[in-house]
Amino acid sequence: MQFLTILGSTGSIGVSTLDVVDRNPERFSIVALTARSRIDLLLEQCCKFRPRYAVVIETAHAERLQRQLRASGSETEVLCGIAALEKVAALPEVTTVMAAIVGIAGLRATLAAAHAGKRILLANKESLVTAGALFMSAVKTSGSVLLPIDSEHNAVFQAMPGKQSGSLKNNGVRRILLTASGGPFRTLSLAQMSLVTPEQAVAHPNWMMGRKISVDSATMMNKGLEVIEAHWLFDADPSVIEVIIHPQSVIHSMVEYCDGSVLAQLGNPDMRTPIAHALGHPSRISSGADFLDLAAIGTLQFERPDTARFPCLRLAYDALKTGAAAVIALNAANEVAVAEFLDHRIGFLDIPRLIETVVSAVPERTIATIEDVEAVDQLSRELTLSACAPRTSTITAGAGA
Ligand code: NAD
Ligand code: MG
């Protein structure tokens, strides 16, 4: 039996995780659920899965949820705030933590799970992107088991040699090939992209996801973040991590070996497959995902990414080469720019422009603690917002022209 904390249980990954748990009730027991929004859904989840704790971020939400839970006869205790997220990620009775908060907001709790030696199912790529060295060192020191949820990294994990010791090269691995759908704007020109709306950007052709990662897929920053994620997860030099566009999202990623073999993991684009893989690992458990019908799909296509139209991918590789502060700045500027875009305050093409400006303005420095990460994150957020404000009117007008 695994005892689970799900950080971000009301999000796209959180809901899919509970769906897989529900299909395998003899294997899992829920200790804690957490959410910042969709508190009504959190209430429903608490009534169904009866966790010991529910964590929210705002006091008003906590008071209301606790009243409603009591009224329905539930014994779930409601906690509030970031320290409470850290607490439920590190409770002694918890064996497994699903890290599915979006953005750097998930960093402290995910890192707490790593320090506490938990089995971590990592969806929250921004924690690894912004604090890769700290995070991997906490995992090693505590003996945590880290299982990737991101479909590409889960695929790579499945295609890697079973028993690894030493470098990728020593294990015969030549390249990691991360597949990318190309997002909803794969075939658009830059001129067409300057006109797209948030509603078009979040309508991903293959995957149903939260709004932030959907915009990241549209700009291809998602793939950029995934290159950085792969660097940390597999101890891979950026030069051996390649991105290939595969619009059908059936091959979730591949590992190429020195003998010319390429191992791929395939499946329908349904996050319940990597979630079930990681929840059950090393056993296989049912996920509820439809089985793949390759004859019905017919064709699998591949093309090279175009970094002229999707500069975020290049910016991510560049930041990874530059250093830890550049990567934190890249992530922070992206989080702020995506939120501004979703609120209709900037245009789609302003996202890479802002990121480039902010990354080049943030000085490189040593990142040794979580406070260092947060300081660079905060500075980068302020720079992004101030770079947004005066430009917004001209950019938006230009985009609409
Ligand atoms: P989402 O927006 O659907 O859900 C995010 C969850 O985090 C919600 O429960 C929300 O209440 C909570 N949350 C948001 N901000 C918070 C804050 N400041 N403090 C505490 N909790 C907060 O996001 P998602 O699509 O489920 O993505 C979650 C993570 O998984 C992201 O890092 C994303 O990149 C990664 N991921 C998602 C998918 C997918 O298919 N959705 C695929 C691969 C990786
Ligand atoms: Mg992914």
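Residues numbered from 1 in each chain as written. Chains lettered and ligands numbered in written order. Predicted model: local features only at pLDDT ≥ 70, side-chain atom pairs only at ≥ 80, totals over all residues. Heavy atoms only, no water.

Peer 1: Looking at this model, I keep getting lost on the site of ligand 1. Mind explaining?
Peer 2: Contacts to ligand 1 come from 23 residues, most closely from T10, S12, I13, E126 and G210. Within the backbone of G8, a nitrogen or oxygen atom sits 3.4 Å from an oxygen atom of ligand 1. Within the contact set of ligand 1, an oxygen atom lies 3.3 Å away from a backbone nitrogen or oxygen of A123. In the complex, 89% of the free accessible area of ligand 1, which totals 820 Å², lies under the protein chains. (Near = heavy atom within 4 Å. Polar contact = N/O pair within 3.5 Å; in protein donor to acceptor, adjacent residues only side chain to side chain. Areas by Shrake-Rupley, 256 points an atom, 1.4 Å probe, with all protein chains shown as cover.)

Peer 1: Got a minute to help me understand the coordination of the magnesium ion (ligand 2) in this structure?
Peer 2: As a benchmark, a tetrahedral metal site with four donors has ideal angles of 109.5 degrees, while an octahedral site with six donors has ideal angles of 90 or 180 degrees. The protein atoms that coordinate the magnesium ion (ligand 2) are D150 (OD), E152 (OE) and E226 (OE), at distances spanning 2.1 to 2.2 Å. Each donor residue of the magnesium ion (ligand 2) belongs to the same chain, and together they define the spacing D-x1-E-x73-E. Note that E152 is positioned in helix α7 (residues 151–159) and E226 in helix α11 (residues 221–234), a separation of 74 residues in sequence. For E152, a relative accessible area of 7% puts it in the buried group. Note on E226: relative accessible area 1%, which makes it buried. (Donors = N, O, S within 2.8 Å, 3.2 Å for Na, K, Ca; no water. Helix = DSSP H or I, 4+ residues; strand = E, 2+ residues; numbered from the N terminus. Buried < 20%, exposed > 50% of the residue type's maximum accessible area, 1.4 Å probe, protein only.)

Peer 1: What is the right way to read empty space enclosed by the protein from this model?
Peer 2: Summary: where empty space remains is shown by rolling a probe the size of a single water molecule over the atoms. Using the criterion set out here, one finds 2 cavities of 30 Å³ or more in the structure. Reported here for the largest cavity is a volume of approximately 50 Å³. Taken together, M193, T219, R309, F310, P311, C312, F348, L349 and P352 form the lining of the largest cavity. Partitioned by chemical class, the residues of the lining of the largest cavity number 7 nonpolar, 1 polar and 1 charged. If you trace the second largest cavity, you find it lined by R186, M220, I245, E303, R304, P305, D306, R309 and F310. Of the residues in the lining of the second largest cavity, the class split is 4 nonpolar, no polar and 5 charged. (1 Å grid on protein atoms, 1.4 Å probe; cavity = no way out; pocket = protein on both sides within 12 Å on 5 of 7 lines; lining within 4 Å. Points joined across faces, edges and corners; volume = space filled by probe spheres on them. Nonpolar A, V, L, I, M, F, W, Y, C, P; charged D, E, K, R; others polar.)

Peer 1: Hey, could you run me through the side chain of S249 in this one?
Peer 2: If you trace the backbone, S249 turns up in the loop between β9 (241–245) and β10 (251–257). Only 2.7 Å separates the side chain of S249 from the side chain of N206, close enough to count as a polar contact. The contact partners of S249, leaving out residues within four places of it in the chain, are S181, N206, W207, G267 and P269. (Contact = heavy atoms within 4.5 Å.)

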